[in-house]
Structure formats: C-alpha cells, structure tokens
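Here is what each chain is made of, one letter per residue.
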Amino acid sequence: MDFLPVFLNIKSRPCAVIGGGDVAARKVRLLLAAQGEVTVIAPELTKELQEQVAAGAITHLAKQHSQAPLDHYAVVVAATDDANANQQIAETAKQSNIPVNVVDNPDAGTFIMPSIIDRSPVIAAVSTGGASPVLARLIRARLESLIPAGYGRLGELTARYRERVKKAFRNSDDRRRFWDRILQGSVAERVFSGHMEEAEAVLEKELAEFSPNSGMGEVYLVGGGPGDPDLLTFRALRLMQQADVVVYDRLVAKPVLEMVRREAERIYVGKERDRHAMRQEEINELLAKLAKEGKRVVRLKGGDPFIFGRGGEEIDTLAEQGVPFQVIPGITAASGCATYSGIPLTHRDYAQSVTFVTGHLKDGSMNLNWRQLAQPHQTLVFYMGLMGLPVIVEKLIEHGVSPQMPIALVQQGTTHLQRVFTGTLENILELVEREKPKPPTLIIVGEVVQLQEKLSWYKGEKKGYQGATSPVQPGTAL
Ligand code: SAH
C-alpha cells in the first residue's frame, strides 16, 4: 500500500485552500461538506467562490500564497494552476507537519483525496493512489449503484442504538451477531423501503428478545473453486464474509482465503501427505464443536466440496450430531482448469461424455475400471494423478488406448501461475521428467486436448510449455 486510508475529522477546524479556480472550488465544497472552517487564499476567485464568501460560508484572503502563513491550519490544499507554486506550498506545509494535498500531484503532498460515495454517515472512499483517477471514478460509479441510498438512514439508526446495544451485549462477538441480524434482516429492509418507524419498532423488539447464547452456530461447507477468487459464487462470498471462524486446508488458494471476513479466526487443518495434517475424523469433530459454541463456521474447500472433497464425510458427522449446515458448490478443478486452458471437456466431434476419476495411488496401484476408461469418444479427468501418472499411462495403453492419444497436465489452473503441458500418452512422462510440474495438477486425457492450441485464451504469468500434440482423427479408437 502506498497510502494509509484514514477519515479525517476537520469539524470546525481551520482549512486552507490555495487557489481560486474551479479545482479549488471543488475542494472547498468537500471541506465544507465535512464541516471544516475554510479559508481560500488567492488573489482572485471564481463566481462560485465569491458567492460563498458573500454568504459567509468561507473566508477569503486576497493574497499570494507566499504572503500567507500556513502554520495554524489543520489541513492545506494546494490547488493553484501553477505546479511550482503548488510544490512550494507543499514544502512549507510539510515543514510544519501540516497534512497537505496537492491537486494532480499525489506524490508532492502528504495525503490524497479519494473518490467518495456519500451516504452519510456511511462513506465509502475509493483511491487508485493517483494512478488512475478515471478508474477510481468508474469504481465509484459501480459502488454508487450497489449501495442503496437507504444505507445512510440505516447508518443513522444504528448510530442511535449503538450505546444501548453495547450495554446489552458485553461480548463483542455477540454484539456483532446482533448487528449482523439487524443489518441484513427485516430492519434493514424496512429502512430501505422508507418505513423508519416500523424499522425502529422491530429493532426494539429484536433487542428485547435476542439472546446470543441460546443459539447453535452453523457450518457452511463452501467450495472455494480452483484458485481464481473471481470464480467464487455470490453465496460463498456472502457466507465467507459472515464467518466467525474459517477451517481451511492447503488446496485453498491464498486470494480465496483472503475473501473471508478479516476478523474471522483461521484454523489450518492441512491435507493428506502434509506433516501438519489433522485426521479427517478430527476435522469432522472440530467443525461440530465450533458450531456448538455458537460460531458460524466456514469450512473452506478447494474446488467443489462434493467432488473428491470428502465433503460428504464432514457433513455426515454434523447431520448425526444435529448441527445445522449448508453446502455451497464451487467450480471444480476439472471445470476451472479445462476452461482456463481452452480444452472443452465435451465436444460433438470428439467426446460425448466426461469422467472424473481419482488418480490417487494406494499401495502403488489404482483400483479403477480401466476397460471402461479406455472406451472411445470420452474425456477422462484425473484428479490427484500426478504421482500416479506412469500407472495411468501404462494402464490406458494396456487397455487399448492409442499411444498418440493427447493428454494435458494443467498445473495451478485458473491462477496467475497456471501452466499447461500438452503431449501424448507416449511422450508425456518424458515431458514431466523435463518440466517437473508441481501439484496441484490436473490431468486431462482425450481428443479434446488437441483443441487447446487453438482455443487457449488465458495467459497466466508464466507461460507453460506447450508441447506438440499429434492430431488424432475424430472417433479414433482409444
Ligand atoms: N474438491 C476439489 C478436488 C480435490 S482433490 C475440486 O473439486 O476441485 C485435489 C486434486 O484436485 C489435486 O490433486 C489436483 O489434481 C486437482 N486440483 C485442484 N485444484 C487444482 C488447480 N487449481 N489446478 C490443477 N489441479 C487442481
């Protein structure tokens, strides 16, 4: 971060704006909105500023900036149309440690002014650190449409009840739970629809009845997708933002984990083959225990919880113990990796079905129906298959699949580190030896892989090795 976002209290404090043009006038408007005592220092003023002087809203010092001392101001804005003059003003202010903003030059001053959405008392501020004011304005416009005007009224209502609620719930977690309920439930709805009195009556009732300790928590088994946080569902995101605690493992990408409410406790439970792994039964018990303490628990899984995710086992324990839960689907690795590498899993000419299969090695082998997997016109997707790749290649060829059958390995699919390796059953092991793909890697076998070269669209940071794929005619026996 290049700047620390803060909200400054300038109520009744002296603020200086140097410059009398339109830009200065815009800054004056903002400072007045935040109830600062504004003095404009400039030989001449625009009509708007003159009118404000006449109305007694601001003070005018008809001077050059160099003739006006700045040291008693709480905030200085350098808004002349002369870059050198602005720079000098900034230097003078900095010498006295006065916060100074220089228009159109974020680096010259000590603070910048963001684009704002004003739903007072709710204010959202957006900044690009001066990199692109236009982008900041675009984001602001989107936020404008997302934050209903009623949020201001909601903010006022909560401000009035803040102290009472604080007294009613000593524990900050309980307090948050209460406010969550108010701000996302029928009180908020009534405020948005303009029924303030009703909203207040409901709030009073909730305050009288809400009992934080009686509640059982809940577990949200959330599919976090393959890595790109943009692939989360709205529901996943909403629940992640309400979590008291998140239980996650190694497959969950960091940017996805970062979408969880910042204050939520984080519990890492590792993963198979990991030294710090917690046994599955222990995880199941942990989820139940946390929920029984009244917590909202997000169990965050990579991909989809019901596809090689042991999600079924985790909620089985919860169901047995009467703990409420919800399951939120995620984009599974097969879907994410296939789309982000340009490999359609089915295709009218090449594959009429797709099979997701585990390539996990148990005692050096895989107990799979190889005869079925070797049938033509299908796509096979192996999860957890990197270690077992030699077995996969050997078994498929043994059961009649052409050694020229295209195969793709997608490493860290959908992330900026995505790498895609393509080859054939015959040469893929050599390629793996050379390129050493790292987990998590997904394996896709089938004629559809040959479309990758043409359809690939996603460019991660590193360009993966794009091996040669010998074209296979549609319908070739596998
Ligand atoms: N529930 C998960 C799968 C868990 S099994 C899902 O629905 O995606 C773990 C395997 O998934 C890994 O061994 C790897 O084969 C695959 N995988 C998960 N995320 C991946 C990613 N971003 N890129 C490539 N493979 C991935």
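None of the values given here were measured: they were computed from a predicted structure.

So, the sheet that holds strand β9 (residues 245-248)
At step 1: As summarised here, the arrangement of the five strands in space is β10-β9-β11-β8-β12, forming an open sheet in which the pairing is parallel. In this open sheet, the two edge strands, each paired with only one partner strand, are β10 (265-268) and β12 (325-328). On average, each strand axis in the sheet is inclined to that of its neighbour by 20°, with strand direction left out of account.
At step 2: As judged from the four bridges shared by β9 and β10, these two strands associate in the parallel manner. Bridging across to β10, Val247 finds its partner in Ile267.
At step 3: Contacts from helix α11 (residues 280-292) reach β8 (218-223), β9, β10 and β11 (296-301) within the one sheet, and its direction differs from that of β11 by about 150°.

Focus: the packing of aromatic side chains
At step 1: Inspection of every chain in the model, using the stated rule, returns ten aromatic pairs.
At step 2: Three or more aromatic residues joined by ring pairs make a cluster, and in this case those are Phe169, Phe178 and Trp179.

Quick look at the site of the ligand
At step 1: Residues in contact with the ligand amount to 18 residues; listed here are only the nearest, Asp304, Ile307, Thr332, Ala333 and Thr441.
At step 2: At 2.8 Å, a backbone N or O of Ala333 approaches an oxygen atom of the ligand.
At step 3: Between the ligand and Gly413 there is a distance of 2.8 Å, counted from a nitrogen atom to a backbone nitrogen or oxygen.
At step 4: Considering the ligand on its own, with 540 Å² of exposed area, one finds that the protein chains cover 94% of that surface.
At step 5: Listed by contribution, the elements that provide at least two residues to the shell around the ligand are α13 (333-341) and β17 (441-445).

Topic: the side chain of Thr39
At step 1: If you trace the backbone, Thr39 turns up in strand β2 (residues 37-41).
At step 2: Looking at Thr39, the relative accessible area reads 11%, which means it is buried.
At step 3: Aside from chain neighbours lying at most four places away, what touches Thr39 is Cys15, Ala16, Val17, Thr59, Leu61 and Tyr73.

Some points on the domain arrangement of the protein chain
At step 1: Parsing the protein chain into structural domains produces domain 1 (14-113), domain 2 (150-209), domain 3 (218-331) and domain 4 (334-477).
At step 2: Each of domain 1 and domain 3 was reduced to a C-alpha centroid, and the two centroids are 52 Å apart.

Some words on the environment of Val298
At step 1: With respect to the helices and strands, the residue Val298 is situated in strand β11.
At step 2: Residue Val298 is classed as buried on the basis of its relative accessible area of 0%.
At step 3: On a C-alpha basis, the gap between Val298 and Val219 in space is 5.9 Å, while along the polypeptide they are 79 residues apart.
At step 4: The contacts of Val298, once residues within four sequence positions are left out, are Tyr220, Val222, Leu239, Met240, Ala243, Val245, Val246 and Val247.

Examining the pattern of salt bridges
At step 1: Under the criterion given, the structure shown has 26 salt bridges.
At step 2: One salt bridge in this structure joins Glu91 and Lys94, with 3.8 Å as the shortest N-O distance. With Glu91 and Lys94 both in helix α3 (residues 83-95) and three residues apart, this pair spans about one turn of that helix.
At step 3: With a relative accessible area of 30%, Lys94 lands in the partly exposed category.
At step 4: Taking the shortest distance from any N to any O, the salt bridge between Glu206 and Arg181 comes out at 2.7 Å. Linking Glu206 in helix α8 (residues 196-209) with Arg181 in helix α6 (residues 172-184), this pair joins segments that are 25 residues apart in sequence.
At step 5: Taking relative accessible area as the criterion, Glu206 reaches 16% and is therefore assigned buried.

Remarks on the sheet that holds β2
At step 1: Strand order in this open sheet of five strands is β3-β2-β1-β4-β5, and the pairing throughout is parallel. Each having just a single partner strand, β3 (59-61) and β5 (100-102) make up the two edges of the open sheet. Here the strands of the sheet are splayed against their neighbours by 20° on average, with no regard to which way each runs.
At step 2: Both strand β1 (residues 14-18) and strand β4 (residues 75-78) contribute to a ladder of four bridges, which runs parallel. Across the sheet, residue Val17 finds its bridge partner in β4, namely Val77.
At step 3: Against the sheet, α3 touches β1, β4 and β5, its axis set at about 165° to β5.

Section: the pairing of strand β16 (residues 419-424)
Within a regular strand, side chains alternate between the sheet's two faces.
At step 1: Of all six residues making up β16, six are buried, and the element is well covered by its neighbours.
At step 2: Strand direction decides the pairing type here: strand β15 (residues 406-411) and β16, joined by six bridges, are antiparallel. Bridging across to β16, Ala408 finds its partner in Thr422.

Focus on the side chain of Asn101
At step 1: Counting through the fold element by element, Asn101 comes out in strand β5.
At step 2: For Asn101, a relative accessible area of 3% corresponds to the buried category.
At step 3: A distance of 2.9 Å separates the side chain of Asn101 from the backbone oxygen of Phe111, its partner in a polar contact.
At step 4: Setting aside its immediate chain neighbours within four residues, Asn101 contacts Lys27, Val76, Val77, Ala78, Phe111, Ile112 and Met113.

Regarding the packing of helix α15 (residues 389-398) against helix α16 (residues 428-435)
At step 1: Two elements in contact, α15 and α16, have axes whose closest approach is 10 Å; the angle formed by their N-to-C orientations is 165°. Considering their axes alone, α15 and α16 lie roughly antiparallel with respect to each other. Where α15 crosses over α16, the two elements pack in a sense that is right-handed. Contact residues: α15 offers Leu389, Pro390 and Val393, while α16 offers Ile428, Leu429 and Val432.
At step 2: Tallied by class, residues from the contact of α15 with α16 come to six nonpolar, no polar and no charged.

Each value, and the rule that gives it
- Residues numbered from 1 in each chain as written.
- Predicted model: local features only at pLDDT ≥ 70, side-chain atom pairs only at ≥ 80, totals over all residues.
- Heavy atoms only, no water.
- Pairing = 2+ DSSP bridges.
- Helix = DSSP H or I, 4+ residues; strand = E, 2+ residues; numbered from the N terminus.
- Axes fitted to C-alpha atoms, helices over the stretch in contact; angles between N-to-C directions.
- Contact = heavy atoms within 4.5 Å.
- Phe/Tyr/Trp six-rings, centres within 6.5 Å; stacked < 30°, edge-to-face > 60°.
- Near = heavy atom within 4 Å.
- Polar contact = N/O pair within 3.5 Å; in protein donor to acceptor, adjacent residues only side chain to side chain.
- Areas by Shrake-Rupley, 256 points an atom, 1.4 Å probe, with all protein chains shown as cover.
- Buried < 20%, exposed > 50% of the residue type's maximum accessible area, 1.4 Å probe, protein only.
- Domains from an automatic or database assignment.
- Salt bridge = Lys/Arg side-chain N within 4 Å of Asp/Glu carboxyl O.
- Parallel < 35°, antiparallel > 145°, perpendicular 65-115°, else oblique.
- Left-handed = near helix turned anticlockwise from the far one by under 90°.
- Nonpolar A, V, L, I, M, F, W, Y, C, P; charged D, E, K, R; others polar.

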